[in-house]
Amino acid sequence: MVETRSKTGRTPPRRTFGEGIVETPGRKRRSGSRKSETNTDRSSSPTSDAHTTGIDPVVEVGMSERRAAKKDMEKSMNGHANGHANGHANGKANGRIIDGWLEGGDPKVDMNPHFDFGGSWGVSAMMIGFPTLMWYMWIGATYYDGNFPSEPGMTYSEFGRHMVHLVYTGAYPHAKAWAIYWIFLIVQGFFYMTLPGVYATGKPLPHEGGNQLRYYCNGVYAFYLTIVLAIAAHFTGVFKLYTLMDEFGPLMSVAIISGFIVSFVAYASALYRGAQHRMTGYPVYDFFMGAELNPRMFGWLDFKMFFEIRLPWYILFLITLSAAARQYENNGYVSGEVGFLLMAHFLYANACCKGEEMIVVTWDMYYEKWGFMLIFWNLAGVPLSYCHCTIYLANHHPSVYAWPKWFLVFLYTSYLFAYYVWDTSQSQKAMFRARERGYQTERKSFPQLPWKEVKNPQKITTDTGDSILVDGWYKYARKIHYTCDVYFAFTWGLVTGFRSPFPWFYPAFFFAMIVHRAWRDVQRCREKYGEAWKEYERRTPYLFIPYVI
């Protein structure tokens, strides 16, 4: 049943359970098996494989409703958090482990730990390697014309000191950089708390008795308001956009340091409040993966949602907008190559906002904890390493990297076609799942594209009661949205040419990650769906590219 707003502007009351937690829809009256996810592959795409579970729809909310909901959550937050945690700790475990939680046991303990990235030693290397690599690539892009830094006449120790000196003098985190970075974060937090939006419901949490968190989604308003304010600040002289490019080194250092600071605060706060979840007992590894599952401020601002959907992609787009502003300031025009990246990064950031309500059921929201991995990567790693395509174009005259006009036309048109396939394929899957659960919510976020839904789709019913979509784009390739993601990354590097390796960091990194992810997803689906998945593979034999692979 679809929940709608009444004439007074209020939605029908729901029973709340603390920090935005709501009772699982139909939980007490449900019979038979509950429909769960199908094609549960995980993607780094903003809207990949995102869908809303349960029968709880996304609903439009007004200012009065947001205030009332916020008060309700704040009143019940403390009592629920303490009482529910103690109840689980004193309960009797029955031996079934669900996502690392021993049913009836203590949700703070991971009873089935799986150590990714090489365990404590591996994540330690990553926490040192991430910022080191970022500074190294910045040095090469800034001081070595986009090439690998090299000083043949220096010893290793002299070269190391030279590199440190370049970072100290060119990327020192001065007060101006701290102000720019944190004012942006605070303003985005203010937008999250005040702008109009929609509610969405996450997946049922086993350790919370199957209850679901409510997420507030207003990224569309925040993104467009950010663009308007940024352009207004530039043309009025309050803040020239190309300042982001001029202060890139210091801003990157601030982002790196902020990633560590926020990670330590998040970890210490979770331990102090007793909010740990699924801990392995290895402090370094737990710090990297995170201690708390669903951290929220005021029971309202969900940190994982806020950090992942808005901060990295908004910053990435603004950096590219900064490069365009500086190029126009210097040359009186914006090159086709910079325009291409501006279009690409706008579409990507916009997609995060456009499908924000669908992301609440993805793996990152449901399972990943808020630790160094998510915090650092969203505050620093994604926006300030994926942008090296922009950095290269900004640091060189258009004559250095200019492609023929016919090739630029090909890049633009092929990218837009890939975006169309990427957007509509995921929309088809999300709407298929929504209809399977008896509801569908239409949002008019830009862009609305034809064939975003398949009417009366072909499907395969599995033994678990799920259905696998075998229609639309998914009758041609099982991971066609991954193919589009890879093409996006490839073109971000290609538009810069081949003179510098750093714009190719993201395409190379993403390709390796997505191939591994696709392999893992296929193995999991074969195990979960058995003969039904084999039938899907027979009917749709191609994984990435129709009639090719």
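Preceding block: the structure.
Since we're looking at a predicted model, the values are computed, not measured.

### Brief notes about the environment of glutamine 448
Working step 1: Locating glutamine 448 in the fold gives a position in the loop between α16 (405–436) and β9 (459–461).
Working step 2: Here glutamine 448 falls in the partly exposed class, since its relative accessible area comes to 35%.
Working step 3: Of note is the side chain of glutamine 448, whose polar atom sits 2.5 Å from the side chain of lysine 452.

### Some details on the packing of helix α5 (residues 219–236) against helix α11 (residues 336–354)
Working step 1: Relative to each other, α5 and α11 sit at 145 degrees, their axes nearing to 7 Å. Where α5 crosses over α11, the two elements pack in a sense that is right-handed. Counting all contacts with α5, which are made through Gly219, Val220, Phe223, Tyr224 and Ile227, the residues of α11 involved are Phe346, Ala349, Asn350, Cys353 and Lys354.

### Remarks on the nonpolar core
Working step 1: Within the largest apolar cluster, 147 residues are counted, with the highest numbers of intra-cluster contacts made by Phe307, Phe488 and Trp492.
Working step 2: Excluding anything up to four places from it in sequence, tryptophan 492 contacts Leu316, Leu341, Ala344, His345, Tyr348, Tyr386, Cys389, Tyr415 and Tyr506.

### Focus on helix α13 (residues 372–385)
Working step 1: Over its 14 residues, α13 runs only 17 Å from end to end, short of the ideal 20 Å by more than 12%, given 1.5 Å per residue.
Working step 2: The sharpest bend along α13 reaches about 50 degrees and sits at asparagine 378.
Working step 3: Within α13, 14 of the 14 residues are buried, which leaves it mostly tucked inside the rest of the structure.

### A short note on the pairing of strand β5 (residues 197–201)
Working step 1: Burial of β5 is extensive: five of the five residues sit out of reach of the surface.
Working step 2: Of the strand pairs in this sheet, β5 and strand β6 (residues 212–217) are connected by four bridges, and their pairing is antiparallel. Residue pairing across strands places threonine 201 opposite arginine 214, the latter belonging to β6.

### Notes on the packing of aromatic side chains
The relative placement of two aromatic rings is captured by the distance of their centres and the angle of their planes.
Working step 1: The final tally for this structure, using the stated rule, is 58 aromatic pairs.
Working step 2: Between tryptophan 313 and tyrosine 386, the aromatic rings sit 6.4 Å apart at their centres with planes inclined by 50 degrees, giving tilted as the arrangement. Linking tryptophan 313 in helix α10 (residues 311–331) with tyrosine 386 in the loop between α13 and α14 (388–394), this pair joins segments that are 73 residues apart in sequence.
Working step 3: A relative accessible area of 7% places tyrosine 386 in the buried class.
Working step 4: Here the basic side chain of arginine 296 rests over the ring of tyrosine 215, its NZ or CZ set 4.8 Å away from the ring centre.

### Concerning the pairing of β6
Working step 1: Most of β6 is tucked away: six of the six residues are buried.
Working step 2: Residues of β6 alternate between two faces, with Gln212, Arg214 and Tyr216 on one and Leu213, Tyr215 and Cys217 on the opposite face, all of them buried.

### Some remarks on the environment of alanine 230
Working step 1: Along the chain, alanine 230 turns up in helix α5.
Working step 2: Overall, alanine 230 belongs to the buried group, its relative accessible area being 14%.
Working step 3: For alanine 230 and leucine 321, which are 91 residues apart along the polypeptide, the C-alpha to C-alpha distance reads 9.4 Å.
Working step 4: With residues near it in sequence (within four places) discarded, alanine 230 still touches Leu241 and Leu318.

### Focus: unusual backbone geometry
Working step 1: We note that tryptophan 451 has phi near 65 degrees; this positive angle belongs to a residue other than glycine.
Working step 2: Position of tryptophan 451 among the secondary structure elements: in the loop between α16 and β9.
Working step 3: A residue is classified by how much of its surface remains accessible, and tryptophan 451, at 35% relative accessible area, is partly exposed.

Reading the values: rules and limits
Residues numbered from 1 in each chain as written. Predicted model: local features only at pLDDT ≥ 70, side-chain atom pairs only at ≥ 80, totals over all residues. Heavy atoms only, no water. Helix = DSSP H or I, 4+ residues; strand = E, 2+ residues; numbered from the N terminus. Buried < 20%, exposed > 50% of the residue type's maximum accessible area, 1.4 Å probe, protein only. Polar contact = N/O pair within 3.5 Å; in protein donor to acceptor, adjacent residues only side chain to side chain. Axes fitted to C-alpha atoms, helices over the stretch in contact; angles between N-to-C directions. Left-handed = near helix turned anticlockwise from the far one by under 90°. Contact = heavy atoms within 4.5 Å. Core = buried A, V, L, I, M, F, W, Y, C linked by side-chain atoms within 4.5 Å. Expected span 1.5 Å × (residues − 1). Bend = angle between axes of the 7 residues up to and from the residue. Pairing = 2+ DSSP bridges. Phe/Tyr/Trp six-rings, centres within 6.5 Å; stacked < 30°, edge-to-face > 60°. Lys NZ or Arg CZ within 6 Å of the ring centre and 35° of its normal.

Function-wise, these values are silent; they only describe arrangement.
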